[in-house]
Amino acid sequence: MTFRLLSVHAHPDDESSKGAATLARYATEGVDVLVATCTGGERGDVLNPALDTPEIRADLPAIRRREMAVAAEILGVRQQFLGHTDSGLPAEGESPPEGSFAALPLEEAAAPLVALIREFRPHVVITYDETGGYPHPDHIRTHEVTIEAFTAAADPTRYPGTGDPWRPQKLYYQATLSRAWFEAIHKATLTAGLASAMGPVLDELPPEDKLPITTQIRCETHFATRDRALLAHTTQVDPAHPFFSHSRDIEREAWPFEDYHRAHPAPGPDLETDLFAGLTP
């Protein structure tokens, strides 16, 4: 039997900016990897200045789906939209738009993911922690929905009509792009005698990471695949972004991992190096 891995994200492009090299690694090792994308990213900004045109904005929902299909093919994974509507990023004090993902009652928002878990039957699920990674309402709601579905999918009395119960065995939170990662790349770049674009980013980050790293997955041979998948989201990614400025050789040497926090079961004292450690298919 094959291991199955489900990675739950808020918008198209999130799967390529958070944990993409991990997904590519496991896919090449024969794991059945599925990305669940909660919304279509309809209210997202066009972050690539070269593509910020009225024509692109008018067709953005369809374009984002096409970009997602290309990125999934590059990563070697399957992908499924859960059908929710992007909430956008409301101004401070404003509520998410009516009917959007973040505005739905929790059970209504979680039902498609419960059905997907019961159909796909993953052994391991990955999502965001309770902060969402950053305070976008769809990212926070993705965490809430995944926690709800992770538990409820195993209960035959809940969400009737969405398939037979299934209990995933492990749940992880993304811990990529941590301060520790930025510091490691920054220091290694300076040590190599090169200019680093990480300084201004570090100035804006909290002084320490709040989410402990319990699991590190070596995936440096898949960083190029990660980058290609991210750049496939052409409307969402500016090729001139500082993320693409550091040497990948330096990154592979300084931090050849992607990082996670094991939320269930509670982590042990030792650092994990495999999301499927301790499991049998």
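Above: the structure in question.
Enquirer: So what exactly am I meant to see when it comes to the sheet that holds strand 6 (residues 215–218) here?
Expert: Strand pairing in a sheet is mediated by backbone hydrogen bonds. Such pairs are either parallel or antiparallel. The strand order 3-2-1-4-5-7-6 describes an open sheet built from seven strands, whose pairing is mixed. Among the strands making up the open sheet, the edge pair consists of strand 3 (78–84) and strand 6. Strand-to-strand twist of the sheet, defined as the mean angle between neighbouring strand axes without regard to direction, takes the value 30°. When strand 4 (residues 124–127) meets strand 5 (residues 170–174), the two strands line up parallel, connected through four bridges. Looking at strand 5, one finds that V125 is bridged to L171.

Enquirer: I tried to follow the pattern of salt bridges on my own but got confused; where do I start?
Expert: When the charged atoms of two side chains with opposite charge come close together, those side chains can pair. All told, the structure shown has 18 salt bridges when counted by the stated rule. With its nearest N and O atoms 2.8 Å apart, the salt bridge here joins R57 to D52. With a relative accessible area of 41%, R57 lands in the partly exposed category. With a closest N to O distance of 2.8 Å, K170 and E272 form a salt bridge. One end of the pair, K170, is in strand 5; the other, E272, is in the segment after strand 7 (257–264), with 102 residues separating them in the sequence.

Enquirer: What is the right way to read the environment of P207 from this model?
Expert: Turning to its location among the elements, P207 is positioned in the loop between helix 8 (199–204) and strand 6. Residues P207 and T39, 168 residues apart in the sequence, show an inter-C-alpha distance of 32 Å.

Enquirer: For this particular structure, what's the right way to read the nonpolar core?
Expert: If you look at soluble globular proteins, the nonpolar side chains tend to sit buried side by side. Core analysis: the biggest nonpolar cluster contains 26 residues, and L5, Y26, V33, V77, L275 and F276 have the highest contact counts within it. Broken down by secondary-structure element, the contributors of at least two residues to this core are helix 2 (20–28), strand 2 (32–39), helix 4 (60–75) and strand 4. By residue number, the principal contributor to this core is helix 2, which donates five residues. Excluding its chain neighbours within four sequence positions, the residues that come into contact with L5 are L23, Y26, V31, D32, V33, L34, F120, V124, I126, L275 and F276. F101, L116, I117 and F150 belong to the second largest nonpolar core, which has 25 residues in total.

Enquirer: Mind showing me how you'd approach the environment of V33 here?
Expert: In this fold, V33 is placed in strand 2. Ignoring sequence-local partners within four residues, the contact set of V33 consists of L5, L23, Y26, A27, V77 and R78.

Enquirer: Can you walk me through helix 9 (residues 223–231) in this structure?
Expert: One turn of an α-helix holds 3.6 residues; hence residues three or four places apart share an orientation. Along helix 9, the residues classified as buried are F223, T225, R226, D227, A229 and L230. Elements that come into contact with the buried residues of helix 9 comprise helix 1 (14–17), helix 2, helix 4, helix 10 (248–254) and strand 7.

Enquirer: Got a minute to help me understand the packing of aromatic side chains in this structure?
Expert: Working definition: an aromatic ring pair is given by the centre-to-centre distance plus the angle between the planes. Per the counting criterion, the structure on display carries seven aromatic pairs. A ring pair is formed by W181 and F182, whose centres lie 4.9 Å apart and whose planes are at 80°; its orientation type is edge-to-face. Taking relative accessible area as the criterion, F182 reaches 11% and is therefore assigned buried. An aromatic cluster is defined as three or more aromatic residues linked by ring pairs; in this entry it consists of W181, F182, F243 and F244.

Enquirer: Is there a simple way to explain the pairing of strand 1 (residues 4–9) in this structure?
Expert: Residues in a regular strand point their side chains to alternate faces of the sheet. Counting buried positions over the six residues of strand 1 gives six, a clear majority of the element. Alternating residues of strand 1 divide into R4, L6 and V8 and L5, S7 and H9, and every residue in both groups is buried. Relative to strand 2, strand 1 runs parallel, the two being bridged by six bridges. Considered in strand 2, the bridge of L6 is made with L34. Inspection of the sheet shows strand 1 paired to strand 4 by three bridges, in the parallel sense.

Enquirer: Sorry if this is basic, but what is going on with the environment of E98 here?
Expert: Mapped onto the elements of the fold, E98 is located in the loop between strand 3 and helix 5 (106–120). Through-space distance from the C-alpha of E98 to that of T85 is 9.9 Å; in sequence the pair is 13 residues apart.

Enquirer: Would you explain the side chain of R248 in this entry?
Expert: With respect to the element layout, R248 can be found in helix 10. By relative accessible area, which is 13% here, R248 ends up buried. Here D227 takes part through its side chain, which lies 2.8 Å from a polar atom of the side chain of R248. Residues in contact with R248, not counting those within four places in the same chain, are R226, D227 and F243.

Enquirer: Help me out: how do you make sense of the side chain of H186 in this one?
Expert: Counting through the fold element by element, H186 comes out in helix 7 (residues 179–191). If we ignore the near neighbours within four places in the chain, the residues touching H186 are S196, M198, G199 and L202.

Enquirer: Is there a simple way to explain the packing of helix 4 against helix 9 in this structure?
Expert: It is the contact of helix 4 with helix 9, at a shortest axis distance of 8 Å, that shows an interaxial angle of 170°. As summarised for this structure, helix 4 and helix 9 are arranged roughly antiparallel, according to the angle between their axes. When helix 4 is examined against helix 9, the residues A71, I74 and L75 are found in contact with a partner set consisting of T225, R228 and A229. Along the lines of polarity and charge, the residues of the contact of helix 4 with helix 9 split into four nonpolar, one polar and one charged.

Rules used in this analysis
Residues numbered from 1 in each chain as written. Predicted model: local features only at pLDDT ≥ 70, side-chain atom pairs only at ≥ 80, totals over all residues. Heavy atoms only, no water. Pairing = 2+ DSSP bridges. Helix = DSSP H or I, 4+ residues; strand = E, 2+ residues; numbered from the N terminus. Axes fitted to C-alpha atoms, helices over the stretch in contact; angles between N-to-C directions. Salt bridge = Lys/Arg side-chain N within 4 Å of Asp/Glu carboxyl O. Buried < 20%, exposed > 50% of the residue type's maximum accessible area, 1.4 Å probe, protein only. Core = buried A, V, L, I, M, F, W, Y, C linked by side-chain atoms within 4.5 Å. Contact = heavy atoms within 4.5 Å. Phe/Tyr/Trp six-rings, centres within 6.5 Å; stacked < 30°, edge-to-face > 60°. Polar contact = N/O pair within 3.5 Å; in protein donor to acceptor, adjacent residues only side chain to side chain. Parallel < 35°, antiparallel > 145°, perpendicular 65-115°, else oblique. Nonpolar A, V, L, I, M, F, W, Y, C, P; charged D, E, K, R; others polar.

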